[in-house]
Amino acid sequence: MDDLVEVQIEQLEGDDVVVARLTGELDISGADSTGQRIAEAVPSSARGVVVDMSDLDFIDSSGVSMLFALARRVGSRRQELRVVAPEGKPVARVLEIVEFDRAAPVHPDVDSAVADIA
């Protein structure tokens, strides 16, 4: 895994939801491997995945592309994707500019994102 981005993945008990927490910087050097790792961590029995970017300091276009690809991949498996990006943070602004919420809802915290997965 790339040194700039760290990924911690956990499956929430009883929720059938996988939470992937990203920290550091998500750029071209780690975007593909990060997306692959998240996608592989979501079992077919899960209802969805939450990508928590609360502690992500930076995201570039390759990181954004990875999120759009993940949304398509998860959607094709009839699962749901939610992204956490607290308002006022640079990552939230980038997701707003690219209108990521057209691909998947963006939430201010993990609890609301998990609760939004039906």
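Residues numbered from 1 in each chain as written. Predicted model: local features only at pLDDT ≥ 70, side-chain atom pairs only at ≥ 80, totals over all residues. Heavy atoms only, no water.

Caption draft 1: A look at helix 2 (residues 61-76). Taking 1.5 Å of rise per residue, the 16 residues of helix 2 would be expected to cover 22 Å, and the 23 Å separating its terminal C-alpha atoms lies within 8% of that figure. Buried residues in helix 2 make contact with strand 2 (17-26), helix 1 (31-41), strand 3 (48-59), strand 4 (80-84) and helix 3 (90-97). Arg78 sits one or two positions beyond helix 2 and adopts a positive phi of about 60°. (Helix = DSSP H or I, 4+ residues; strand = E, 2+ residues; numbered from the N terminus. Expected span 1.5 Å × (residues − 1). Contact = heavy atoms within 4.5 Å.)

Caption draft 2: Representation of the packing of aromatic side chains within the structure. The tally for this structure, following the rule as stated, stands at one aromatic pair. Judged by centre distance (4.9 Å) and plane angle (65°), the ring pair of Phe68 and Phe100 falls under edge-to-face. With Phe68 in helix 2 and Phe100 in the loop between helix 3 and strand 5 (106-107), this residue pair connects regions lying 32 residues apart in the sequence. (Phe/Tyr/Trp six-rings, centres within 6.5 Å; stacked < 30°, edge-to-face > 60°.)

Caption draft 3: Layout of the sheet that holds strand 5. Read from one edge to the other, the open sheet built from five strands follows the order 1-2-3-4-5, with strand pairing classed as mixed. Where the open sheet ends on each side, the last strands, each with one partner, are strand 1 (5-12) and strand 5. The pairing of strand 1 with strand 2 spans eight bridges and is antiparallel. In the strand pairing of strand 2, Val5 is matched with Gly24. Helix 1 rests against strand 1, strand 2 and strand 3 of the sheet, and its axis sits at about 10° to strand 1. Relative to strand 3, helix 3 is tilted by about 115°, and along the sheet it contacts strand 3, strand 4 and strand 5. (Pairing = 2+ DSSP bridges. Axes fitted to C-alpha atoms, helices over the stretch in contact; angles between N-to-C directions.)

Caption draft 4: Seen up close, the nonpolar core. The biggest cluster of nonpolar side chains holds 30 residues, and the ones touching the most others in it are Leu26, Val51, Met53, Leu67 and Leu81. Counting residues per element, the ones that place at least two in this core are strand 1, strand 2, helix 1, strand 3, helix 2, strand 4 and helix 3. Looking at this core, the element that brings in the most residues is helix 2, giving six residues. Setting aside chain neighbours within four positions, we find Met53 in contact with Leu22, Leu26, Ile59, Leu67, Val83, Val84, Val91 and Leu95. Counting residues in hydrophobic clusters, the runner-up holds eight residues, among them Val17, Val50, Val84 and Val110. (Core = buried A, V, L, I, M, F, W, Y, C linked by side-chain atoms within 4.5 Å. Buried < 20%, exposed > 50% of the residue type's maximum accessible area, 1.4 Å probe, protein only.)

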